[in-house]
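# Secondary and tertiary structure notes
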Amino acid sequence: MADMKEALATVGVPPERIHVELFNGSESMTPGVVGAPTRAAHVPQDDAKTGPLVSFARSGIAAHWKPSYASILELAEACDVPVRWSCRTGVCHNCESGLVSGAVAYGPEPLDQPADGNLLVCCSQPIRDIVIDL
C-alpha cells in the first residue's frame, strides 16, 4: 500500500485524493519508549508527598499525584517510567495498561473504555492510591 500511495503521488494524483486503509498489523508503535534516552525511573524532584500514591509496579517506584499533572501519563513521564502512548486523549488505546489496584477517573472521557482490569494512562487521574503494571 505504501508503494501504491507513492506511485499515485508520482503520477500526479493530489494527496487529498489518496486514501489508504490497512487491515493487517503494522509496525510497532512505541512513542515515548523506543528512541528515547534510557534513564532510571525515579520519583520527581517536586514530589509533594501528599495526594494519591501512584505505584508503578514494574519500575519499582511510587510517586504522589498532584493536580498539576493532566494525566497519569504526565506523572509517568516526570518519573521517567517507560509508557507507550500516542494520542493522549483516549482514542488509540496504545497506553492501555493493567490496573493492579485502585480506581481512576477519566478526563477527557475515552472514546472506548479499556478492558476490565485496565486503564488508559494517557487520560486518567487517580481517585485514590493505585498500582499500575508499568
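Look above for the structure.
Quantities reported herein were computed from a predicted structural model and do not represent experimental measurements.

The next thing to look at is the environment of L120. Its location among the elements puts L120 in strand 5 (residues 118-120). Linking L120 and E96, residues 24 residues apart in sequence, is a C-alpha distance of 4.5 Å.

A word on the pattern of salt bridges. In total, this model carries five salt bridges according to the counting rule given. D133 is paired through a salt bridge with R58; the nearest N and O atoms lie 2.6 Å apart. In this pair, D133 is assigned in the segment after strand 7 (130-132) and R58 in the loop between strand 1 (53-56) and strand 2 (61-64), connecting sequence segments 75 residues apart. Look at R58 and you get exposed, because its relative accessible area is 65%.

Residue P108 follows G107 across a cis peptide bond; omega there is 5°. Its identity as a non-glycine residue notwithstanding, R88 has a phi of 65°, on the positive side. Secondary-structure assignment places R88 in the loop between helix 2 (72-78) and strand 3 (96-101). Note on R88: relative accessible area 30%, which makes it partly exposed.

Below, the discussion takes up the state of the cysteines. What the rule picks out here adds up to zero disulfides. There is no disulfide at C95, and the cysteine sulfur nearest it, in C122, is 3.6 Å away. Under the relative-accessibility criterion, C95 is labelled buried at 3%.

Right, let's talk about the nonpolar core for a bit. Core analysis: the biggest nonpolar cluster contains 25 residues, and F56 and I72 have the highest contact counts within it. Of all the secondary structure elements, the ones that give two or more residues to this core are strand 1, strand 2, helix 2, strand 4 (104-106), strand 5 and strand 7. For this core, the element with the highest residue contribution is helix 2, accounting for four residues. Not counting chain neighbours up to four residues away, the residues in contact with F56 comprise I61, I72, L75, A76, C79, V81, I132 and L134.

Side chains of M4, L8 and V11 sit close together on the surface and give an oily, nonpolar patch of about 280 Å² of accessible area. A residue is classified by how much of its surface remains accessible, and V11, at 65% relative accessible area, is exposed.

The next point concerns the sheet that holds strand 3. Judged by pairing direction, the sheet is mixed, and its five strands sit side by side in the order 2-1-7-3-5 without closing on themselves. Where the open sheet ends on each side, the last strands, each with one partner, are strand 2 and strand 5. Averaged over all pairs of adjacent strands, the angle between their axes in this sheet comes to 35°, without regard to strand direction. Sheet analysis places strand 3 next to strand 5, joined by three bridges and oriented antiparallel. Across the sheet, the residue bridging to E96 is L120, located in strand 5.

Conventions adopted
The residue numbering used here restarts from 1 in each chain and proceeds along that chain's sequence as written. pLDDT decides what is reported in this predicted model: residues at 70 or higher carry local features, side-chain atom pairs at 80 or more are listed and counted, and totals for whole chains, interfaces and linings draw on all residues regardless. Processing note: side-chain calculations cover all non-hydrogen atoms of the structure and skip hydrogens and water entirely. Helical segments are the DSSP runs of H or I of at least four residues, strand segments are the runs of E of at least two, and each set is numbered from the N terminus. For salt bridges, the criterion is a side-chain nitrogen of Lys or Arg within 4 Å of an Asp or Glu carboxyl oxygen. The buried label goes to any residue with under 20% of its type's maximum accessible area, the exposed label to any with over 50%, and the partly exposed label to all in between, with areas taken from a 1.4 Å probe on protein chains only. Criterion for a disulfide: a pair of cysteine sulfur atoms at a distance within 2.5 Å. Note on terminology: a nonpolar core comprises buried Ala, Val, Leu, Ile, Met, Phe, Trp, Tyr and Cys residues joined through side-chain atoms within 4.5 Å. Contact definition: two residues touch when any of their heavy atoms are within 4.5 Å. Patches in this entry comprise residues that are over 30% relatively accessible and not in a salt bridge; like charges within 9 Å are linked, as are nonpolar side chains (Val, Leu, Ile, Met, Phe, Trp, Tyr) within 5 Å. Using the Shrake-Rupley algorithm and a 1.4 Å probe, accessible areas are obtained, with residue cover drawn only from the displayed protein chains. A pair of strands is considered paired only if DSSP assigns at least 2 bridges between the two. Angles shown run from 0 to 180 degrees and are taken between the N-to-C directions of axes, each axis being a line fitted to C-alpha atoms and, for helices, limited to the stretch in contact.

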